[in-house]
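Read off the chains here:
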Amino acid sequence: MYTDTDLASDQPYTYRLRACNDGGCSEYSGLAEARTFGVLAIVTDSLPRGQVGQTYTADLDAANAGSRYTWTLVSGALPDGLSLLSSGVVSGTPTDTAVAQVTFRVTSIDGQTAEATYPLEIQAPQSLVIDTYVLPPVIVGGPYDVALAASGGGTERVWSLASGTLPAGLSLDATGAIAGTPTAVESAAITLRVESFGLTDERDFVLEVVPNDETAYNITPLAVSSAPDSIQPAVDSAIARWERVITANAQAVRILPGTFSSSSCGGFGDAVNGTTLDDIIVLINIGPIDGAGEGGFNTIGLAGPCAIRSEGSTDPNLPAFGLLTLDSYDLGTLVGTDLLTDLIFHEIGHVLGFGSLWEFLDLVSGSGTNDPTFTGSGALEEWSALGGTGNVPLANTGDTTTVEGHWRESVFDAEIMTGFAEQVGVEQPLSRVTIASMEDMGYTADRSQADDFSLTSALVGFTTDQADDGALLLDRLLRVPIYVLDPDGTVQPEPAWPR
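Cut-offs and rules
- Residues numbered from 1 in each chain as written.
- Predicted model: local features only at pLDDT ≥ 70, side-chain atom pairs only at ≥ 80, totals over all residues.
- Heavy atoms only, no water.
- Helix = DSSP H or I, 4+ residues; strand = E, 2+ residues; numbered from the N terminus.
- Rg over C-alpha atoms; globule rule 2.2 N^0.38 Å.
- Buried < 20%, exposed > 50% of the residue type's maximum accessible area, 1.4 Å probe, protein only.
- Contact = heavy atoms within 4.5 Å.
- Expected span 1.5 Å × (residues − 1).
- Disulfide = S-S within 2.5 Å.
- Pairing = 2+ DSSP bridges.
- Salt bridge = Lys/Arg side-chain N within 4 Å of Asp/Glu carboxyl O.
- Phe/Tyr/Trp six-rings, centres within 6.5 Å; stacked < 30°, edge-to-face > 60°.
- Lys NZ or Arg CZ within 6 Å of the ring centre and 35° of its normal.
- Axes fitted to C-alpha atoms, helices over the stretch in contact; angles between N-to-C directions.
- Parallel < 35°, antiparallel > 145°, perpendicular 65-115°, else oblique.
- Left-handed = near helix turned anticlockwise from the far one by under 90°.
- Nonpolar A, V, L, I, M, F, W, Y, C, P; charged D, E, K, R; others polar.
- Core = buried A, V, L, I, M, F, W, Y, C linked by side-chain atoms within 4.5 Å.
- Polar contact = N/O pair within 3.5 Å; in protein donor to acceptor, adjacent residues only side chain to side chain.

Enquirer: Hey, could you go over the overall build of the protein chain for me, with residue numbers and the actual values?
Expert: Across its full length, the protein chain holds six helices and 34 strands. In summary, the protein chain has a C-alpha radius of gyration of 33 Å against a globular reference of 23 Å for 499 residues, an excess of more than 25%. Projected onto the principal axes, the alpha-carbon positions of the protein chain cover approximately 110 × 60 × 50 Å. Residues classed as buried in the protein chain amount to 46% of the 499 residues present. Once local pairs closer than 6 in sequence are excluded, the contacts in the protein chain between residues at least 24 apart make up 65%.

Structure, rendered in structure tokens:
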């Protein structure tokens, strides 16, 4: 031990050291530096506000007198639920509102002390709100693990079933997890309740358990925003038509909890987390796109896939789910018309990959030119049968997300998968070319489900899209990152498209 005296504050000093015992002493060491402590100072400016029921943590900090300090509370009282550690951490979960004045003392290892007084406010809990907006459907026998979400209230929340009964095989625990394996097809109308620090919120849901049909292709709609009941017949009719066109089942896919965020898939990716699907879930959103049409072309819908099956699947690249958005400003004029059914059929086609996956699957030639074309062998066969030559002409004018994702309007005119919708009352036939193009993407399809369709001889060979006066509604592709899902729910970290 050695004690030096009369040293100045916050100054460096140098020493030489050696070790000695009965056998003698070592050589002196090189110069070693030691520094005296400065004047102890508390450097924490203020304590953050807290909220009843929410975990609270604040770190007190001091400087100049080493790295280890001991803290004590010398006056005032911490709000109920909070405590002070000697290391200077104020933590806990406040249980009541409070406005406190607290004084802390810090002591450094050389015996210096300093004090500081702070106001500490604990506010009432915010309104408790259930944030989960929809429960994803699930197939019979498929694992289900959906975590409910809420905001406000306290950190600890208790969930319960306020009314209704969960499908057989599923259960809700107090932490807000609906989990299990459903055993029967059913549609369960339920009301969920969350409670936290005297606050409650309730919300109604419908949880659909759908068949796991391995003999057919099934499309499951899921409304992710408020939609008028009046559009449901059009949705049902459009889905039934696609299910007649596509005839083979796709491999079931699991989506693990937390896989997709609320910022993915146009803002609705989290709607499918925790479920098992077969064959595809189509998220249906009614919302503004570009306002009401007042002359000229106006966008009425946009759609596309958000996740596809991996190469390790028996159905590689076939979409697992996607988003369909209809413009809320234009929807009212279409309700009850055949045009609405055709429009929804068209948009579901994009979710299935029509136009939206062509470039990814290398089915487009001449991309970026005035004459882009589709090269799939099935579609070419049917195009030739119609009298067409060369590859199948694709849209080359319109919105940047319309071109190359539809048949060319000047050639296919009113065919249902051009980029422009016709006026109410104008038939929009489904051609064998469209059905065959689905086969080119990997689907098994029934070409006999096509409508009678022929090319107008005067239009064959046009190289520039020319929408007629009756085609006033423009369609666009949803351009979002498309992720790859393995059957076990593993998602590849980088999207498959855009590359």
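Enquirer: Give me helix α3 (residues 338-351): which residues, what numbers.
Expert: Along its 14 residues, α3 runs 20 Å from first to last C-alpha, staying within 8% of the 20 Å computed at 1.5 Å per residue. Judged by how many residues are buried, α3 sits mostly within the fold: 13 of 14 residues are covered. Immediately beyond the C-terminal end of α3, within one or two residues, lies G353, with a positive phi of roughly 120°.

Enquirer: Just give me the short version of the state of the cysteines, but keep the residues and values in it.
Expert: A covalent bond between the sulfur atoms of two cysteines is what we call a disulfide. With the rule as written, the count across this model stands at two disulfides. Between C20 and C25 runs a disulfide, and the two sulfur atoms are separated by 1.8 Å. Where C20 bonds to C25 through sulfur, the torsion about that S-S bond is close to 115°, and the disulfide is right-handed. Disulfide pairing places C265 opposite C306 at an S-S distance of 2.0 Å. Looking along the S-S bond of the C265-C306 disulfide, the torsion reads about 75°, which is the right-handed sense. Of this pair, C265 sits in the loop between β24 (253-254) and β25 (276-277) while C306 sits in strand β27 (residues 298-309); the two residues are 41 residues apart in sequence, bridging distant segments of the chain. The two residues C265 and C306 agree in class, both being buried.

Enquirer: Please give an account of the sheet that holds strand β6 (residues 50-51) that cites residues and values.
Expert: The strand order β6-β13-β12-β9 describes an open sheet built from four strands, whose pairing is mixed. The open sheet has two free edges, formed respectively by β6 and β9 (69-75), since each of these has just one partner strand. Two strands pair when backbone bridges link them, and β6 and strand β13 (residues 113-123) are joined in this way by two bridges, in the parallel orientation. By the bridge assignment for β13, Q51 is matched with Q123.

Enquirer: Describe in detail the pattern of salt bridges, supporting the description with residues and values.
Expert: Tallied over the entire structure, the rule returns 10 salt bridges. A salt bridge links E381 to R447; the shortest N-O distance between them is 3.6 Å. On the criterion of sequence distance, the pair formed by E381 in helix α4 (residues 377-385) and R447 in the loop between α6 (432-440) and β33 (473-477) is long-range, its members being 66 residues apart. For E439, the salt bridge goes to R447, with nearest N and O atoms at 2.7 Å. Accessibility expressed as a relative area gives 25% for E439, which makes it partly exposed. Three or more residues joined by partner-sharing salt bridges are found here, namely E381, E382, R432, E439 and R447.

Enquirer: Describe the packing of aromatic side chains, and please don't skip the residues or the numbers.
Expert: Going through the model one piece at a time under the given rule, you end up with 15 aromatic pairs. On the numbers, 6.2 Å between centres and 65° between planes, the contact of F360 with W497 is edge-to-face. Taken together, the residues F360 in the loop between α3 and β29 (364-365) and W497 in the segment after β34 (483-485) connect sequence positions 137 residues apart. We classify F360 as buried; its relative accessible area is 14%. By the ring-pair criterion, three or more aromatic residues cluster together here, those being F354, W358, F374, W383, W407, F412 and F453. The ring of F345 is capped by R241, whose NZ or CZ atom sits 4.8 Å from the centre of that ring.

Enquirer: Outline the packing of α4 against α6, listing residues and values.
Expert: The geometry of α4 relative to α6 is characterised by a closest axis approach of 6 Å and an angle of 160° between their N-to-C directions. Judged on the interaxial angle alone, α6 and α4 are roughly antiparallel. In this structure, the crossing between α4 and α6 has a hand that is right-handed. Where α4 abuts α6, its residues S377, G378, A379, E382 and W383 lie against R432, V433, A436, S437 and D440. Residues of the contact of α4 with α6, tallied by class, amount to four nonpolar, three polar and three charged.

Enquirer: So, the nonpolar core: which residues are in play, and what are the values?
Expert: Of all hydrophobic cores here, the largest spans 55 residues; its most connected members are W242, L340, I344, I348, L352, W358 and W407. Contributions of two or more residues to this core are made by α1 (232-245), β26 (280-287), β27, β28 (319-327), α3, α4, α5 (409-412) and α6. Ranked by the residues each element gives to this core, the list is headed by α3, at seven residues. With near-sequence residues (within four places) excluded, L352 lies in contact with Y217, W242, I246, I280, P319, M438, M441 and Y443. Among the nonpolar cores identified, the runner-up in size contains 23 residues, and L60, L82, F104 and A116 belong to it.

Enquirer: A description of the side chain of T275 should follow, citing residues and the corresponding values.
Expert: Mapping T275 onto the fold places it in the loop between β24 and β25. Only 2.4 Å separates the side chain of T275 from the backbone oxygen of P137, close enough to count as a polar contact. Other than its neighbours up to four places away in sequence, T275 contacts P136, P137, V138, P143, Y144, V253, R254, I255 and I281.

Enquirer: Before we move on, could you go through the sheet that holds strand β19 (residues 170-172) and cite the residues and values that matter?
Expert: The strand order β16-β20-β19 describes an open sheet built from three strands, whose pairing is antiparallel. Edge positions in the sheet fall to β16 (144-147) and β19, since each has one partner strand and no second. Pairwise comparison of adjacent strand axes, ignoring direction, gives a mean angle of 15° for this sheet. As defined by bridge partners, β19 adjoins strand β20 (residues 177-180) across three bridges and the pair is classed as antiparallel. In the sheet register, S171 faces β20, and the bridge partner there is A179.

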